[in-house]
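# Summary of structural features
Here is what each chain is made of, one letter per residue.
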Amino acid sequence: MTKTVLLVGGGGREHAIARALADSGADLYACAGNRNPGIARLADGFESLETTNPSAVTAYAREVDATLAVVGPEGPLAAGVADALDDAGVYAFGPQEAEARIETDKAFQRRFMREHDIPGCPVFETFEDMDAACEFVDEFDGDLAVKPAGLTGGKGVRVTGDQISKAEAKEYIRESDYERIVLEERLVGEEFTVQALVANGDVRVTPAVQDHKRAYEGDEGPNTGGMGSYSDATLELPFMDEDDYMEAVEVLEATVDALDGYKGVLYGQFMLTADGIKVVEFNARFGDPEAMNTLPVLNTDFLEVLTAARDGESLPQLSFAPRATVCKYAVPEGYPTDPDSGAKVSVDEESAAAAAEGTDGEALLFYASVDERDDGIYTTTSRSFAVVGLADTIEAAEEIAGDALEAAGDGVRIRHDIGKPDLVQQRIDHMAELRGE
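Right, let's walk through the structure included here. These numbers were taken from a predicted model, which means no experiment stands behind them. (Residues numbered from 1 in each chain as written. Predicted model: local features only at pLDDT ≥ 70, side-chain atom pairs only at ≥ 80, totals over all residues. Heavy atoms only, no water.)

## As for the sheet that holds strand 16 (residues 264–273)
The strands that make up a sheet pair up through hydrogen bonds in the backbone, lying either parallel or antiparallel. Here 4 strands make up an open sheet; going across it, the order is 11-10-16-17 and the pairing antiparallel. In this open sheet, the two edge strands, each paired with only one partner strand, are strand 11 (202–205) and strand 17 (276–283). With strand direction ignored, the average angle separating the axes of adjacent strands in the sheet is 35°. As paired strands, strand 10 (residues 190–199) and strand 16 are joined by 9 bridges and run antiparallel to one another. Bridging across to strand 16, Phe192 finds its partner in Phe270. (Pairing = 2+ DSSP bridges. Helix = DSSP H or I, 4+ residues; strand = E, 2+ residues; numbered from the N terminus. Axes fitted to C-alpha atoms, helices over the stretch in contact; angles between N-to-C directions.)

Right, here's the structure in full:
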């Protein structure tokens, strides 16, 4: 069977996937609504199309004779693109629409966890009546996370006692025009992600990553799709231990056991609390930026994982280089509330890569939500590009990432504190305080 792979999506996550597939020797084709120059350079063909249109994606898959597909973003999964590809005889490494509800419908997600006794489920209630939701806010003894049930690109959650007051929460509920709302106890601790590659009942986990959602340094400002992230040279992060990591893995395994025939990536976003692991949410695909932390250190041939999944075989065990990573995003001015879309940006890839010269590390640049036109590269309304530093320690990886971004270009904004020693130490101290250590 051929190893022709179709990649669906055009962001930084998909550029990281494209790089892993190109390194695996796949015949790679890609489709996206924007022309990502990094993906286009790696692919044998690139088609601009609406990726939430199952017919359009399937037609292109047939045109290039793909036997495998990787669906990157959540939008196409929610639209049933994986279903259509599977029906057309193209194995989609991504869950079908019904299984993708573990991400796309947060009300379903929580009810599913309760029904199947998945560990780590917080106290929650779901509402279609917004007046009833507001009454719950008033009556709940404690702070709450307010979550729209559907997809919001990581920007819809509001937390009382942190971002907003209870009065502001009720105003948000009434004015946001959401059809369904999930209200759940506020979780206090340190967030982290573990992503698992799943197929044929197998669960293969990757190193833990910590993302930074807030727009500005010091965890200030509105939520974003993620301004950057870091991982350590071990599977766990500095503020956690091996038992914490394995507790998260057990949650992922229990979830896969309860999901019938799940395939693709299952991303668990966890909160490490004083009382153990709690589930913030699940995603049904690689994280963005977390894919850019994990795939560059994956020693296992990614194409071998995909072909084993397609052929009904046991997935290979995953091996990772013992390297720390720090990913930092460059975003348009005004992101996320009023991004400067359509601005021309210059990106100096050679200077960015050279930032690691003289070290034992590496600097990688991943294009994200930019659009390559005949006369250059332009911003969209989302994140523009990311640089990942790889080194033996988080501190060294951060220095490489920072130098690489400084050399990469201008006209964009960066959150500089991600991966800095003082911010990492704050995470360690926070968990020690919560645990009474």
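Now that the structure has been shown, the text picks up again.
## Some points on the environment of Asn223
By the secondary structure assignment, Asn223 is in strand 14 (residues 220–223). Taking the C-alpha atoms as reference, Asn223 lies 9.6 Å from Gln163; in sequence the two are 60 residues apart.

## Some details on the sheet that holds strand 1 (residues 4–8)
One open sheet holds the 5 strands; their spatial order is 3-2-1-4-5, and the pairing between them is parallel. What marks the edges here is a single partner per strand, and that holds for strand 3 (45–48) and strand 5 (91–93). Mean inter-strand twist for the sheet, computed between neighbouring axes without regard to direction, equals 20°. Where strand 1 lies against strand 4 (residues 68–71), 4 bridges are found, and the strand directions are parallel. Within the sheet, the bridge partner assigned to Val5 lies in strand 4 and is Leu68. The strands touched by helix 12 (residues 302–310) are strand 1, strand 4 and strand 5; relative to strand 4, the strand with the most contacts, the crossing angle is about 110°. (Contact = heavy atoms within 4.5 Å.)

## Things to note about the packing of aromatic side chains
Applying the stated rule across the entire model yields 6 aromatic pairs. These aromatic residues form a ring-pair network of at least three members: Phe127, Phe136 and Phe140. In this structure, Arg285 is placed above the aromatic ring of Tyr267, and the distance from its NZ or CZ to the ring centre is 5.9 Å. The ring of Tyr378 carries Arg373 above its face, with NZ or CZ at 4.1 Å from the centroid. (Phe/Tyr/Trp six-rings, centres within 6.5 Å; stacked < 30°, edge-to-face > 60°. Lys NZ or Arg CZ within 6 Å of the ring centre and 35° of its normal.)

## Description of the pattern of salt bridges
When the charged atoms of two side chains with opposite charge come close together, those side chains can pair. The final tally for this structure, using the stated rule, is 30 salt bridges. The closest approach of N and O atoms between Arg427 and Asp219, which form a salt bridge, is 2.9 Å. Taken as a pair, Arg427 in helix 15 (residues 421–434) and Asp219 in the loop between strand 13 (214–216) and strand 14 lie far apart in primary sequence, 208 residues in all. Given the relative accessible area of 8%, Arg427 is considered buried. For Asp219, a relative accessible area of 26% corresponds to the partly exposed category. Each of the salt bridges in this network shares a partner with another, and the network as a whole consists of Arg13, Glu14, Glu74, Glu103 and Arg285. (Salt bridge = Lys/Arg side-chain N within 4 Å of Asp/Glu carboxyl O. Buried < 20%, exposed > 50% of the residue type's maximum accessible area, 1.4 Å probe, protein only.)

## Comments concerning helix 7 (residues 106–115)
Here helix 7 lies mainly inside the structure; 7 of its 10 residues are buried. Turning to helix 7, its buried residues number three or more, namely Lys106, Ala107, Phe108, Gln109, Arg110, Phe112 and Met113. Next to the buried residues of helix 7 lie helix 6 (97–104), strand 6 (124–127), strand 7 (144–148), strand 9 (181–185), helix 10 (242–258) and strand 17. Positive phi shows up at Asp117, right after helix 7, with a value of about 55°.

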